[in-house]
Amino acid sequence: MSVYTMHGYLSDLTADYNYTLSIDPQEVMTIGGESDTMINKGLGVTEERIQLSTQSRFQVKLQWRYLSEADHSTLFDLYHDPNKAAGISKTFYWTPPAQYLASGSCTVRFDCRWESFLQNYKNYGLASLVLAVLGKKA
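So, here is what we can say about the structure in this document. As the structure is a computational prediction, the values presented were derived from the model and not from experiment.

### Notes on the nonpolar core
(1) Moving on: Formed by 25 residues in total, the largest nonpolar core has its most connected members in Trp64, Leu75, Phe92, Trp94, Phe110, Leu129 and Val133.
(2) Moving on: Every element with two or more residues in this core is listed here: β5 (57-67), α1 (69-80), β6 (92-94), β7 (106-110) and β9 (123-136).
(3) Moving on: In this structure Phe110 touches Leu78, Tyr79, Ala85, Gly87, Ile88, Phe92, Leu129, Val130 and Leu131, once residues within four positions along its chain are discounted.

### Comments concerning the pairing of β5
(1) Moving on: As judged from the five bridges shared by strand β2 (residues 30-34) and β5, these two strands associate in the antiparallel manner. What sits directly across from Gly32, in β5, is Gln59.
(2) Moving on: Examined bridge by bridge, β5 and β9 share seven bridges and lie antiparallel to one another. Bridge pairing links Phe58 to Val133 in β9.

### What about the side chain of Ser105?
(1) Moving on: Mapped onto the elements of the fold, Ser105 is located in the loop between β6 and β7.
(2) Moving on: Among the residues examined, Ser105 registers a relative accessible area of 12% and is labelled buried.
(3) Moving on: Among residues more than four places away in sequence, those in contact with Ser105 are His7, Thr20, Tyr93, Trp94, Thr95, Lys136 and Lys137.

### Concerning the packing of aromatic side chains
(1) Moving on: A complete count under the given rule lists five aromatic pairs for this structure.
(2) Moving on: Here the aromatic rings of Tyr79 and Trp114 are separated by 5.6 Å at their centres, their planes lie at 50°, and the arrangement is tilted. Placement of the pair is Tyr79 in helix α1 and Trp114 in the loop between β7 and β8 (116-119), with a sequence separation of 35 residues. Of the two residues, Tyr79 and Trp114, both sit in the buried class.
(3) Moving on: Site record: aromatic cluster; members linked through ring pairs are Phe76, Tyr79, Phe92, Phe110 and Trp114.
(4) Moving on: The ring of Tyr93 has Lys137 sitting right over it, with the charged end atom 4.6 Å from the ring centre.

### Remarks on the environment of Arg57
(1) Moving on: Within the secondary structure, Arg57 is located in strand β5.
(2) Moving on: Along the sequence, Arg57 and Val133 sit 76 residues apart, while their C-alpha atoms lie 7.1 Å from each other.
(3) Moving on: When residues no more than four places from it in sequence are discounted, the contact partners of Arg57 are Gly32, Gly33, Glu34, Ser35 and Asp36.

Here is what the cut-offs are and how they apply
- Residue numbering note: each chain is counted from 1, following its sequence as written.
- For this predicted model, a pLDDT threshold of at least 70 governs which residues receive local features, and a threshold of 80 or more governs which side-chain atom pairs are given and counted, while totals over whole chains, interfaces and linings are taken from all residues.
- The side-chain figures draw on all heavy atoms in the structure; neither hydrogens nor water molecules are used.
- Buried residues of nine kinds, namely Ala, Val, Leu, Ile, Met, Phe, Trp, Tyr and Cys, make up a nonpolar core once their side-chain atoms join them within 4.5 Å.
- Burial classes: relative accessible area under 20% of the type maximum marks a residue as buried, over 50% as exposed, and values in between as partly exposed (1.4 Å probe, protein chains only).
- In DSSP terms, a helix is any run of H or I states spanning at least four residues, a strand is any run of E spanning at least two, and both are numbered starting from the N terminus.
- We call two residues in contact whenever any of their non-hydrogen atoms come within 4.5 Å of each other.
- Two strands are counted as paired when DSSP detects at least two bridges linking them.
- To pair, rings of Phe, Tyr and Trp, with the six-membered ring standing in for Trp, must have centres within 6.5 Å; the planes then decide the type, stacked if under 30 degrees apart, edge-to-face if over 60, and tilted in the middle.
- A positively charged side chain is recorded as over a ring if its NZ (Lys) or CZ (Arg) lies within 6 Å of the ring centre. The angle to the ring normal must also be within 35 degrees.

Structure below.
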């Protein structure tokens, strides 16, 4: 049986900011995918389906219970710097954990608001950081 990953369904896409995020998640990496289809429901059981794109849309949720100060600073700066990701505005590259995807980096952008935490006033963490996966690095 073949193992399929999102990488096989992505088109080549060059990122706005040439940086590769490669801090592996510690807890869970959730991968969500959906087709780019709009469904208009009418009366009764009538529906109109409009396929906007043949490419699936993927989201990845990353979680870190404990982050070093350096890794937290890297993520914080990437998100907030207007010349880098600029919040949810610009794309960059992300390398998924090796056990999931050995084929290379994806082109992503942040798809969430920033929310980190400080445990016991000494340990940084991120409950979730969502990336919209838009393509793969050419």
